[in-house]
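Spelled out from the first residue to the last, the chains are:
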Amino acid sequence: MSAKNNPVLNDLREQVLAAAAQAQPLHIQGGGSKAWYGRQSSGQLLDTRAYRGILSYEPTELVITACAGTPLREIEAVLAEQQQMLACEVPHFSEHATFGGMLAAGLAGPRRPYAGAVKDFVLGTALMDGRGQIAEFGGQVMKNVAGYDVSRMLAGSLGTLGLILHASVKVLPRPVAETTLVFALSEADALRKMNTWAGQPLPISATCWYVGRLLVRLSGAQAAVDAARHSMGGEEISDASNWWQALREQTQDYFSQEEAHVLWRLSLPPTTPALPLTGKSLIEWGGAQRWLYSDESPERIRTLAREAGGHASIFRGGDRQAEVFAPLSAPLLRIHQHLKQAFDPAGIFNPGRMYKDI
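Presented here is a report on the structure given in the accompanying data block. (Residues numbered from 1 in each chain as written. Predicted model: local features only at pLDDT ≥ 70, side-chain atom pairs only at ≥ 80, totals over all residues. Heavy atoms only, no water.)

In this section: the side chain of Thr179. If you trace the backbone, Thr179 turns up in strand E9 (residues 177–184). If we ignore the near neighbours within four places in the chain, the residues touching Thr179 are Val216, Arg217, Leu218, Val225, Arg229 and Glu236. (Helix = DSSP H or I, 4+ residues; strand = E, 2+ residues; numbered from the N terminus. Contact = heavy atoms within 4.5 Å.)

As structure tokens, then:
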């Protein structure tokens, strides 16, 4: 999309060019629904909400293209009219969440391990770089910048590479049938069950274990859901859609801790046994995502996660001036720095939001 005759894009470009000329950091933000996520970032506010609207939507092609400032709830409402949805059940965390914020954060909800990550559904993007230039990435190959898949790479970049202007994403049909089963199981037994079921052709679309209860959501064709329900056992629960939405938005009781408590997000191989850590745990994604409130040292938590073949990051709370994401190896750090230099040579976009030196 050309910025020549678009006053909103022209205004954004002027702000970027002025900041680059003065080496003034910019704090990119949409609705501010995830302002707490990542390291603390300062700078002059660059508000994306003026650039909003759905640019195109082809229900038969399962593709929607929208501007970064478009409220997420508006996009989901349009999709719902066609019995479609954003594939990975992205969290909002606020009624003000935007489409661009969804991409920049790259966070996914309970359906993530069964449908895919945000990056897996990005077909193309338009980005304003630190020189005020607009580049579009997309198409069949989606390659640029020394072979990197730029469109997918922007998902989870927290605005550190540039200003996302608009994006095209693939959407999915809503499942015809859905039900949720609950089982009374210990943590160890729940992990074994989830891994056993993962190797079977079951229409599982979400799992969650907390305080002795394992909830499993089944989604798909009515016959497949009915067959799985009878073979797996358990008890059906009512009002399940609200329960999973509360989990997605972290309004479940488990997440109602004081801000002083640090919420850790552990990404682990699903078969990993319970780690020897004190605190309160909640397990999602078939065992691959584990939430933990713990007073143990960051070093111990990260070491145990790394030894298990995964990593740990601080999701909420804690010292946001310190490193919150898992430390990068030297080669990965150089790649991040190379990309930052390529897209944002003056270092003005959300500096330090992911890592101190990026």
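With 36 residues, the main nonpolar core has Phe255, Trp264 and Leu266 as its most contacted residues. Elements with a contribution of two residues or more to this core: strand E10 (204–210), helix H8 (240–248), strand E13 (263–267), strand E15 (289–293), helix H9 (298–307) and strand E16 (311–316). Those residues in contact with Trp264 that sit more than four places away from it in its chain are Arg290, Trp291, Leu292, Ser294, Pro298, Ile301, Arg302, Ala312, Ser313, Ile314 and Phe315. Counting 30 residues, the second-largest nonpolar core is a separate cluster that includes Tyr57, Leu62, Leu103 and Val171. (Core = buried A, V, L, I, M, F, W, Y, C linked by side-chain atoms within 4.5 Å. Buried < 20%, exposed > 50% of the residue type's maximum accessible area, 1.4 Å probe, protein only.)

Moving on to the pairing of E10. Counting buried residues in E10 gives six out of seven residues, a clear majority hidden from the surface. With two bridges joining them, E10 and strand E14 (residues 280–284) adopt antiparallel strand pairing. Paired with Cys208 across the two strands is Glu284, which belongs to E14. (Pairing = 2+ DSSP bridges.)

All right, on to the pattern of salt bridges then. It is possible for side chains bearing opposite charge to pair when their charged atoms get close. For the coordinates displayed, the defined rule picks out 15 salt bridges. Close ionic contact of Glu89 with Arg217 constitutes a salt bridge, the shortest N to O distance being 2.8 Å. Taken together, the residues span a long stretch of sequence, with Glu89 in the loop between strand E5 (84–86) and helix H3 (99–105) and Arg217 in strand E11 (residues 213–220) at a distance of 128 residues. There is no split in this pair, since Glu89 and Arg217 are both buried. A salt bridge links Arg229 to Asp226, with the shortest nitrogen-to-oxygen separation between them at 2.9 Å. You can see Arg229 and its partner Asp226 sitting in helix H7 (residues 222–232), three residues apart, about one turn around the helix. Its relative accessible area of 24% is what places Asp226 among the partly exposed residues. Because the salt bridges share partners, they merge into one network encompassing Glu89, Arg111, Glu178 and Arg217. (Salt bridge = Lys/Arg side-chain N within 4 Å of Asp/Glu carboxyl O.)

These figures capture arrangement, not role.
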